Amino acid sequence: MSGLVLKLSPKERVLVNGAVIENGDRRSRLSIMTPNANILRLRDAIHPEEANTPVRRACYSLQLVLSGDADSDDLERTLLRHIEDLSQVFTDHDSRRQIAMATEAVIGGRHYQGLKALRSLLPREERLMAVAQQ
């Protein structure tokens, strides 16, 4: 994760390698130089009861790895299975690209990038779920 730049709003919280860090009263930028640091913006965190769709479950699993609540080796096979299931539903070119990026990130141990790629599918999933409920 070398070179990751976080732009934080006032009072925004971020989890870095298990430590919660809160920004001050002004906007700021942090450059994370340590490769493979586990970073999670708490404003983006999915709560357990919100992990109720396929994309949200995959994101939540990655979030558990980033927060240190789960071991990446234990979850890797499950995560890859979830991502493969998503590839059966999301067939457009851009979604496939995001799924491929998530797969590569998980295999490479870059969990923040995997989460970022999967989060881009959340609005698409919401639209698909809305259409299915009609």
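Read on for an overview of the structure.

What counts, and where the lines are drawn
Residues numbered from 1 in each chain as written. Predicted model: local features only at pLDDT ≥ 70, side-chain atom pairs only at ≥ 80, totals over all residues. Heavy atoms only, no water. Helix = DSSP H or I, 4+ residues; strand = E, 2+ residues; numbered from the N terminus. Rg over C-alpha atoms; globule rule 2.2 N^0.38 Å. Buried < 20%, exposed > 50% of the residue type's maximum accessible area, 1.4 Å probe, protein only. Contact = heavy atoms within 4.5 Å. Areas by Shrake-Rupley, 256 points an atom, 1.4 Å probe, with all protein chains shown as cover. Lys, Arg positive; Asp, Glu negative; His and termini not counted. Charge placed at Lys NZ, Arg CZ, Asp CG, Glu CD. Axes fitted to C-alpha atoms, helices over the stretch in contact; angles between N-to-C directions. Parallel < 35°, antiparallel > 145°, perpendicular 65-115°, else oblique. Left-handed = near helix turned anticlockwise from the far one by under 90°.

## A word on the overall build of the protein
Within the protein one finds five helices and five strands. The order of α-helices and β-strands along the protein, N terminus first, is β-β-β-β-β-α-α-α-α-α. The C-alpha atoms of the protein give 15 Å as radius of gyration, which agrees with the globular expectation for 134 residues (14 Å, within 12%). Reported as C-alpha extents along the three principal axes, the dimensions of the protein are approximately 45 × 35 × 30 Å. Out of the 134 residues in the protein, the part that is buried amounts to 37%. For the protein, long-range pairs separated by at least 24 residues make up 56% of all intrachain contacts whose partners lie at least 6 apart in sequence. For the protein, the accessible area works out to roughly 8,000 Å², and carbon and sulfur atoms hold 49% of it. Of the charged side chains in the protein, 19 are positive and 18 negative; the average position of the first set lies 8 Å away from that of the second.

## Thoughts on the packing of helix H3 (residues 93-107) against helix H4 (residues 111-119)
At a minimum axis separation of 8 Å, H3 and H4 run at an interaxial angle of 160°. In this view, H3 runs roughly antiparallel relative to H4, as classed from their interaxial angle. Remark: the crossing between H3 and H4 carries left-handed chirality. Packed against H3, whose contacting residues are Gln98, Met101, Ala102, Ala105 and Val106, the element H4 presents His111, Gln113, Gly114, Ala117 and Leu118 at the interface.

## Let's talk about the environment of Leu118
When you line up the elements, Leu118 lands in helix H4. Between the alpha carbons of Leu118 and Cys59 there is a distance of 6.4 Å; along the sequence they are 59 residues apart. Dropping the residues within four chain positions of it, Leu118 is found in contact with Val55, Ala58, Cys59, Leu62, Ile83, Leu86 and Ala102.

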